[in-house]
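Report on the structure
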Amino acid sequence: MRFGRRGVRSLPVAAGFALVAVSGCAGEPGADAQDEGQEGQKQEPSAGEVLSETTPDGHKLREVPAEEAPSVELEVEPDAHDGWDLHLATEGFEFTPEESGGDAQGGQGHAHLYIDGEKYARVYGPWFHLPAEAVAGEERTLTVMLTANDHTAWAAEGEPVQAEHQVDGAEADGSHGHDEGAE
């Protein structure tokens, strides 16, 4: 993302200073400010409990209450040049690639992408390009599973938080409407 003007970037900082000044952050906030903050803030999601159950590839499940569990939807579109563009639409989840391998933090982590049940890649953000050769020639099942920083799989009610989508590899041959030679 590109910022056009310096003033656009500094607006959130200026607003933050104004909020601090109004709330009286120089000392202890008053009872009204404390009540307001507690009501207006969302409780941090739980890091859950590691279960003995595992995913098919051996990652343990990390159970959280259903109301705190993140969610994911998998949207798949043919790429203009080759393969597929995957969009992982999440709620209650933040991609934190810089924390991969670290301790589990509620609602954070990355995703694992599986093709027909075989792990294909780690996904560190909401978008991922899947090349045509990964699904060449036949119908395939893509599964994305949300995982914590420590690679345990987020789960609710004993089931991994995941989404699936069917793709036809024959449709991923790079002929999605571009002229030959176009890049």
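For the structure given in this document, a descriptive report is provided here. Since this is a predicted model, take the numbers as computed values, not measurements.

Describing the nonpolar core
Judged by nonpolar contacts, the single largest core of 27 residues is most densely connected at Leu74, Leu86, Leu88, Leu113, Leu130 and Leu142. For this core, the secondary structure elements donating two or more residues are strand E3 (71–78), strand E4 (84–91), strand E6 (108–115), strand E7 (118–123), strand E8 (127–130), strand E9 (139–147) and strand E12 (162–168). Excluding residues that lie within four positions of it along the chain, Leu88 makes contacts with Val72, Glu73, Leu74, Phe95, Ala111, Val123, Pro126 and Val144. With six residues, the next largest nonpolar core counts Leu51, Leu61, Met145 and Ala155 among its residues.

Structural notes on the pattern of salt bridges
Taken as a whole and assessed by the stated rule, the structure comprises three salt bridges. For Glu138, the salt bridge is made with Arg140, and the minimal N-O distance between the two is 3.9 Å. For Glu138, a relative accessible area of 43% puts it in the partly exposed group. Taking relative accessible area as the criterion, Arg140 reaches 18% and is therefore assigned buried. What emerges from the salt-bridge pattern is a single network uniting Asp116, Glu138 and Arg140.

Definitions and limits used
- Residues numbered from 1 in each chain as written.
- Predicted model: local features only at pLDDT ≥ 70, side-chain atom pairs only at ≥ 80, totals over all residues.
- Heavy atoms only, no water.
- Core = buried A, V, L, I, M, F, W, Y, C linked by side-chain atoms within 4.5 Å.
- Buried < 20%, exposed > 50% of the residue type's maximum accessible area, 1.4 Å probe, protein only.
- Helix = DSSP H or I, 4+ residues; strand = E, 2+ residues; numbered from the N terminus.
- Contact = heavy atoms within 4.5 Å.
- Salt bridge = Lys/Arg side-chain N within 4 Å of Asp/Glu carboxyl O.

Nothing here speaks to function; it is all geometry.
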